[in-house]
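Letter by letter, the chains look like this.
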Amino acid sequence: MKQTWRWFGPRDLVSIDDICQAGAHGVVSALHHVPSGAVWTPDEIAKRHAEIATMKDGAPSGLTWDVVESLPVSESIKRQVGPWRDHIAAYKQSLRNLADSGISIVCYNFMPVLDWTRTHLSWRLSNGATCMRFDLVDFVAFDLFILNRDGAADDYPAAIVADAKSRFAQMSEDRRSELERTVAFGLPGSVENLSLDDLRALLATYADIDADTLRGNLVAFLEEVVPVAREVGIRMCCHPDDPPFALLGLSRIMSTEADYAYIMQAVDLPENGITLCSGSLGVHPENDLPGMMKRLGDRVHFIHLRNTKRESEGLPCSFHEAEHLDGDTNMVDLIEEILREEARRKAAGRADWNIPMRPDHGQDILDDLNRKGQPGYPAIGRLKGLAELRGVMTALSARFDLLGVPK
């Protein structure tokens, strides 16, 4: 795997210098300042390439911009309303401009309204580290008593509603405010953070969009953009829902192996592929990550390696961001399947045999606790994760010859 690192641009408190010192070989980035539905211009793309290629003192970093995460899909496209056709045209032009700059992998998601959703951005662990967490009771308390969504109580078991009512009654005003900000945090790295009124208004626009309609809109989007991606040499890869279950009455359509199999069959081109995020998919108890890699690996274009730990049974459930080797996903087995897929590709002569991976999320440890960087993206916590993953990769690689056959 090519070891990469997510970077949110010049305002990111984790610098290009830090990424070099972490030992990453490439960068995953996006133009977060460009609104959804607008074209990513050649000038803006070139500027980001130059920023990644340069250290603070002007020396070359040796890093390249390898993956775009994300080229956002607008809410208009997801709902097929308003200027959605113009937004698709802009998306196609952005793909052409990115390809002209040398980019060959574009990650996107089709989650309505919110990107990843948590109730805590810095939940304290017993060792003093902090991590992101989704507490189901807190989330239901937000839905029922802060957002006051119509019919919300019908979406949850009566026992959870009762627990949420009790929890909310005991919450301080500070915690209520923190919970509101956290759930409506918006897209990582984006300026599009949401107020409660914004969130209510957006939710209302999805009132008549069920899972089948949303899935149909995703297929329609892919039918438009994947042929362009194929033409210009870009591999598209869809990120799974995070968390992988319905929220706030919104459908989730990219949460399971079956969801991915459906869209790959619907638009059956190799450029229509997968971002295999072991953390997001790992929250769903029915997802077998090593098995998914074995069965769908031919279409995996990008990999997020992180781990989550479920705190309750069934779905929806509470969970938190675990250490990279200590969650519900067997990371060793998953990495072994990834290396097998890479060996198969290499033996077949595929140019894309070296799949880019990044250590996703991470716990805040040591100086991360004082740095207050992008939630989920600490410098030292991700460095620890990358080192652990690199160790597994190195150990397993020693068992394979050039054809990927265990020694």
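Refer to the structure printed above.
Below is a short write-up of the structure. These numbers come from a predicted model, not from an experiment. (Residues numbered from 1 in each chain as written. Predicted model: local features only at pLDDT ≥ 70, side-chain atom pairs only at ≥ 80, totals over all residues. Heavy atoms only, no water.)

Side note on the overall build of the protein chain
Stage number 1. Secondary structure assignment for the protein chain yields 15 helices and 12 strands.
Stage number 2. Whereas a compact globule of 407 residues would reach a radius of gyration of roughly 22 Å, the protein chain reaches 21 Å, a difference of no more than 12%.
Stage number 3. Summarising its shape, the C-alpha atoms of the protein chain cover approximately 60 × 50 × 45 Å along the three principal directions.
Stage number 4. Sequence separation of at least 24 residues holds for 71% of the intrachain contacts in the protein chain that already meet a minimum separation of 6. (Helix = DSSP H or I, 4+ residues; strand = E, 2+ residues; numbered from the N terminus. Rg over C-alpha atoms; globule rule 2.2 N^0.38 Å. Contact = heavy atoms within 4.5 Å.)

Section: unusual backbone geometry
Stage number 1. Residue Asp242 is joined to Pro243 through a cis peptide bond whose omega torsion reads 0°.
Stage number 2. Secondary-structure assignment places Pro243 in the loop between β7 (235-238) and α10 (257-266).
Stage number 3. With a phi close to 55°, Leu248 is a non-glycine residue in the positive phi region.
Stage number 4. Considering the arrangement of structural elements, one finds Leu248 in the loop between β7 and α10.
Stage number 5. Non-glycine residue Leu366 carries a positive phi angle of around 50°.
Stage number 6. On the secondary structure map, Leu366 appears in the loop between β12 (356-359) and α14 (368-371).

A closer look at the packing of helix α5 (residues 136-146) against helix α6 (residues 158-170)
Stage number 1. At a closest axis distance of 8 Å, the pairing of α5 and α6 adopts a crossing angle of 80°. By the criterion of interaxial angle, the relationship of α5 to α6 is roughly perpendicular. Of the residues in α6, those in contact with Leu136, Val137, Asp138, Val140, Ala141, Leu144, Phe145 and Ile146 of α5 are Ile160, Val161, Asp163, Ala164, Lys165, Arg167 and Phe168.
Stage number 2. Here the contact of α5 with α6 is composed, by residue class, of 11 nonpolar, no polar and 4 charged. (Axes fitted to C-alpha atoms, helices over the stretch in contact; angles between N-to-C directions. Parallel < 35°, antiparallel > 145°, perpendicular 65-115°, else oblique. Nonpolar A, V, L, I, M, F, W, Y, C, P; charged D, E, K, R; others polar.)

Observations regarding helix α2 (residues 42-52)
Stage number 1. All of the buried residues in α2 are Ile45, Arg48 and Ile52. Angular distribution of buried residues about the axis of α2 spans 60°; they occupy a single face of the element.
Stage number 2. The elements touched by buried residues of α2 are α1 (16-22), β2 (26-29), β3 (65-69) and α4 (84-100). (Buried < 20%, exposed > 50% of the residue type's maximum accessible area, 1.4 Å probe, protein only. Arc of directions from axis to C-beta.)

Regarding the packing of aromatic side chains
Stage number 1. Under the criterion given, the structure shown has 9 aromatic pairs.
Stage number 2. Look at Phe134 and Phe139: their rings are 5.2 Å apart centre to centre, the planes differ by 40°, and that puts the pair in the tilted class. There is no split in this pair, since Phe134 and Phe139 are both buried.
Stage number 3. Aromatic pair Phe139 and Phe142: ring centres 6.3 Å apart, planes at 35°, arrangement tilted. (Phe/Tyr/Trp six-rings, centres within 6.5 Å; stacked < 30°, edge-to-face > 60°.)

Considerations on the sheet that holds strand β1 (residues 2-6)
Stage number 1. The 8 strands are arranged β1-β2-β3-β4-β7-β8-β9-β12 in a closed barrel whose pairing can be described as parallel. Strand-to-strand twist of the sheet, defined as the mean angle between neighbouring strand axes without regard to direction, takes the value 30°.
Stage number 2. Sheet contacts for α2: β2 and β3; angle to β3, the most-contacted strand, approximately 125°.
Stage number 3. The strands touched by helix α13 (residues 331-347) within the sheet are β8 (272-277) and β9 (300-305), with β9 carrying the most contacts at an inclination of about 155°. (Pairing = 2+ DSSP bridges.)

Some details on helix α9 (residues 211-232)
Stage number 1. In a regular helix each residue adds 1.5 Å, so 22 residues correspond to 32 Å; α9 covers 31 Å between its end C-alpha atoms and thus fits that length.
Stage number 2. At Glu223, α9 shows its strongest bend, of approximately 30°, with the proline Pro227 following within four residues.
Stage number 3. Contacts from the buried residues of α9 go to α3 (75-79), α4, β4 (105-108), β7, α10 and β8.
Stage number 4. Gly233 sits one or two residues past α9 and shows a positive phi near 85°. (Expected span 1.5 Å × (residues − 1). Bend = angle between axes of the 7 residues up to and from the residue.)

Here we look at the pairing of β3
Stage number 1. Counting buried positions along β3 gives 5 out of 5 residues, so the element sits mostly inside the fold.
Stage number 2. Two strands pair when backbone bridges link them, and β2 and β3 are joined in this way by 3 bridges, in the parallel orientation. Bridging across to β3, Ser29 finds its partner in Val68.
Stage number 3. You can see the chain leave β2, run along α2 and come back into β3, and the turn it takes is right-handed.
Stage number 4. Two elements, β3 and β4, share 2 bridges in a ladder whose sense is parallel. Of the residues in β4, the one forming a bridge with Val68 is Val106. (Right-handed = clockwise from strand over helix to strand, strands pointing away.)

Notes on the side chain of Glu336
Stage number 1. Along the chain, Glu336 falls in helix α13.
Stage number 2. Overall, the relative accessible area of 13% leaves Glu336 in the buried class.

A closer look at the environment of Ile77
Stage number 1. Inspection of the secondary structure puts Ile77 in helix α3.
Stage number 2. Judged by relative accessible area, which is 2%, Ile77 ranks as buried.
Stage number 3. C-alpha of Ile77 to C-alpha of Arg382: the two residues are 305 residues apart in sequence and 33 Å apart in space.
Stage number 4. Apart from residues no more than four positions distant in its own chain, Ile77 is found in contact with Trp84, His87, Ile88, Phe110, Asn217 and Phe221.

A few points about the pairing of β1
Stage number 1. Burial analysis of β1 places 4 of its 5 residues in the buried class, the great majority of the element.
Stage number 2. Of the pairings in the sheet, the one linking β1 to β12 comprises 2 bridges and is parallel in character. Residue pairing in the sheet places Lys2 in a bridge with Pro356 of β12.
Stage number 3. Pairing of β1 with β2 involves 3 bridges; the strand directions are parallel.

Overview of the packing of α13 against helix α15 (residues 379-397)
Stage number 1. Following both chains from N to C, one finds α13 and α15 inclined at 55°, their axes separated by 10 Å at the closest point. Taken together, the axis directions place α13 and α15 in an arrangement best described as oblique. Judged by the sense of rotation from one axis to the other, the crossing of α13 with α15 is right-handed. Seen from α13, the contacting residues are Met331, Val332, Ile335, Glu336 and Leu339; seen from α15, they are Leu389, Val392, Met393, Leu396 and Ser397.
Stage number 2. When the residues that make up the contact of α13 with α15 are grouped by side-chain class, the tally is 8 nonpolar, 1 polar and 1 charged. (Left-handed = near helix turned anticlockwise from the far one by under 90°.)

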